[in-house]
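# Structural overview for review
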Amino acid sequence: MKMNSLLKYSALFAAMYLSYSAELHLALACGFSTYTAPAFPVALDLFMVWSIRERRTVAASVLAVVAFNVAAHVPLSGRWLMAVTVAAAVAPPLVVWAMHVRPRVRASEGRSAIPAEGNPSEAVNGPHVATERLPEPVIPDDLWQDFECSAPDVADNDRPTPDDIRSAVTALAASGDRVTGASIARHFGVSERTGRRYLAMAA
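Everything numeric in this text was worked out from a predicted model, so none of it was measured. (Residues numbered from 1 in each chain as written. Predicted model: local features only at pLDDT ≥ 70, side-chain atom pairs only at ≥ 80, totals over all residues. Heavy atoms only, no water.)

## Re the overall build of the chain
Heads up, the rule is: Each helix is a run of DSSP H or I of at least 4 residues and each strand a run of E of at least 2, with the numbering of both proceeding from the N terminus. Pairs of residues are marked as contacts when any of their non-hydrogen atoms sit within 4.5 Å. Every accessible area reported is derived by Shrake-Rupley at a probe size of 1.4 Å, with residue values counting cover from the shown protein chains alone.
Per the secondary structure count, the chain includes eight helices and zero strands. The order of helices and strands in the chain, counted from the N terminus, is α-α-α-α-α-α-α-α. For the chain, the proportion of contacts with a sequence separation of at least 24, taken over those separated by at least 6, is 54%. Only carbon and sulfur atoms are counted for the fraction: they give 62% of the accessible area of the chain, which is about 13800 Å².

Here it is in structure tokens:
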């Protein structure tokens, strides 16, 4: 495994060095100064590596590097030299656009497609509105055992509604208490078994 990694990265560095030297020669031929010319192959080759790793604009980046490498080994003059010079001047801002602006545009479009909870129709037309969520209640594993062969200790007409129970859960959480069957039971003045039932109703 280590040998495979060594071979892979050795080939990568060798290919990058060959590409760098060809593109540096081309940049100098296009009129870049000796101080700015090295930045041209660095930007172009790193853009290709980034696009391959991120799987974005892979074809465009590879074709651009191949085209500039081929142009570096072809005698250029007249209109051909002018065309390559224009392409070399346009390449750096296109690299910045592809690496930094375009991914952000795609990310923002992806976020706008997230529907608001419980309303899929707002996936495109409306912004995502965060809804307040109740704290997750702590329900013991043996909850359902309390439902077997047992009767409630509160009459049906005195039993709180699910909305009442949710309000109690919110109030307990706001006060800093841990929301459990026991805390719900103390709030409504019932047994802990019934408190766990109420908590299950709220969940």
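## Digging into the packing of aromatic side chains
The condition that has to hold: The aromatic pairing rule takes the rings of Phe, Tyr and Trp, using the six-membered ring of Trp, and pairs them if the centres are within 6.5 Å, calling planes under 30 degrees apart stacked, those over 60 edge-to-face and the rest tilted. Relative accessibility thresholds used throughout: buried, under 20% of the residue-type maximum; exposed, over 50%; partly exposed, between the two (1.4 Å probe, protein chains only).
Per the counting criterion, the structure on display carries three aromatic pairs. Their ring planes at 90 degrees and their centres at 5.3 Å tell us that Phe40 and Phe68 sit as a pair that is edge-to-face. Here Phe68 lies in helix 3 (residues 58-72) and Phe40 lies in helix 2 (residues 39-54), a separation of 28 residues in the sequence. The same class applies to Phe40 as to Phe68, namely buried. An aromatic cluster of three or more residues is present, and its members are Phe32, Phe40 and Phe68.

## Topic: the pattern of salt bridges
Rules: Here, a salt bridge means any side-chain nitrogen of Lys or Arg that lies within 4 Å of a carboxyl oxygen of Asp or Glu.
In this structure the tally under the stated criterion is one salt bridge. Across the pair Arg196 and Glu192 runs a salt bridge whose closest N-O atoms are separated by 3.4 Å. Here Glu192 and Arg196 lie together in helix 8 (residues 192-202), a separation of four residues that amounts to about one turn. What makes Glu192 partly exposed here is its relative accessible area of 45%.

## Quick look at the nonpolar core
Filter applied, for reference: Throughout, nonpolar core names a set of buried Ala, Val, Leu, Ile, Met, Phe, Trp, Tyr and Cys residues whose side chains join them through atoms within 4.5 Å.
Core analysis: the biggest nonpolar cluster contains 19 residues, and Leu26, Phe40, Leu44 and Phe68 have the highest contact counts within it. Where this core is concerned, the elements lending two or more residues are helix 1 (2-29), helix 2, helix 3 and helix 4 (78-112). For Leu26, the contacting residues outside a window of four places in its chain are Phe68, Ala71, Ala72, Leu76 and Val84. One finds Ile165, Ala185, Val190 and Leu199 within the second-largest nonpolar core, a separate group that totals eleven residues.

## A short note on the layout of surface pockets
Stated precisely, the cut-off is as follows: In the cavity and pocket records, a cavity denotes points on a 1 Å grid over the protein atoms alone where a 1.4 Å probe fits but cannot get out, a pocket denotes an open set with protein on both sides within 12 Å along at least 5 of 7 lines, and lining residues are residues with an atom within 4 Å of a point. Grid points are joined across faces, edges and corners, and a volume is the space filled by probe spheres set on the points. Each residue is assigned to one class: nonpolar for Ala, Val, Leu, Ile, Met, Phe, Trp, Tyr, Cys and Pro, charged for Asp, Glu, Lys and Arg, and polar for all the others, Gly among them.
Here the largest pocket is characterised by a volume of approximately 190 Å³. Of all elements in the fold, only helix 2, helix 3 and helix 4 reach the threshold of two or more residues within the lining of the largest pocket. When the residues that make up the lining of the largest pocket are grouped by side-chain class, the tally is twelve nonpolar, two polar and no charged. In this structure, the second largest pocket occupies an estimated 150 Å³ of space.

## Quick word on unusual backbone geometry
Its identity is not glycine, yet Arg55 carries a phi of approximately 55 degrees, on the positive side. Tracing the chain through its elements places Arg55 in the loop between helix 2 and helix 3. Its identity is not glycine, yet Thr57 carries a phi of approximately 45 degrees, on the positive side. Topologically, Thr57 is positioned in the loop between helix 2 and helix 3. Owing to a relative accessible area of 21%, Thr57 belongs among the partly exposed residues under this scheme.

## Regarding helix 8
All buried positions along helix 8 are accounted for by Thr194, Gly195, Arg196, Arg197, Tyr198, Leu199 and Ala202. At its buried positions, helix 8 is contacted by helix 6 (162-175) and helix 7 (181-188).

## Describing the environment of Leu44
Mapped onto the secondary structure, Leu44 falls in helix 2. Given a relative accessible area of 3%, Leu44 falls into the buried group. Linking Leu44 and Val95, residues 51 residues apart in sequence, is a C-alpha distance of 7.3 Å. Beyond its immediate stretch of four places on either side in the chain, Leu44 contacts Glu23, Ala64, Val65, Phe68, Ala91 and Val95.

## Here's the deal with the packing of helix 2 against helix 3
Two packed helices can be described by the angle between their axes and the distance between those axes. The cut-off we apply is this: Axis lines are fitted to C-alpha atoms, over the contacting stretch for helices. Their N-to-C directions set the angle, which ranges from 0 to 180 degrees. Rotating anticlockwise by less than a right angle from the far helix to the near helix defines a left-handed crossing, while the corresponding clockwise rotation defines a right-handed one.
Close contact between helix 2 and helix 3 brings their axes to 8 Å; oriented N to C, the two are set at 145 degrees. Between helix 2 and helix 3 lies a crossing whose hand is left-handed. Contact residues: helix 2 offers Phe40, Leu44, Asp45, Phe47, Met48, Ser51 and Ile52, while helix 3 offers Val58, Ser61, Val62, Ala64, Val65 and Phe68.

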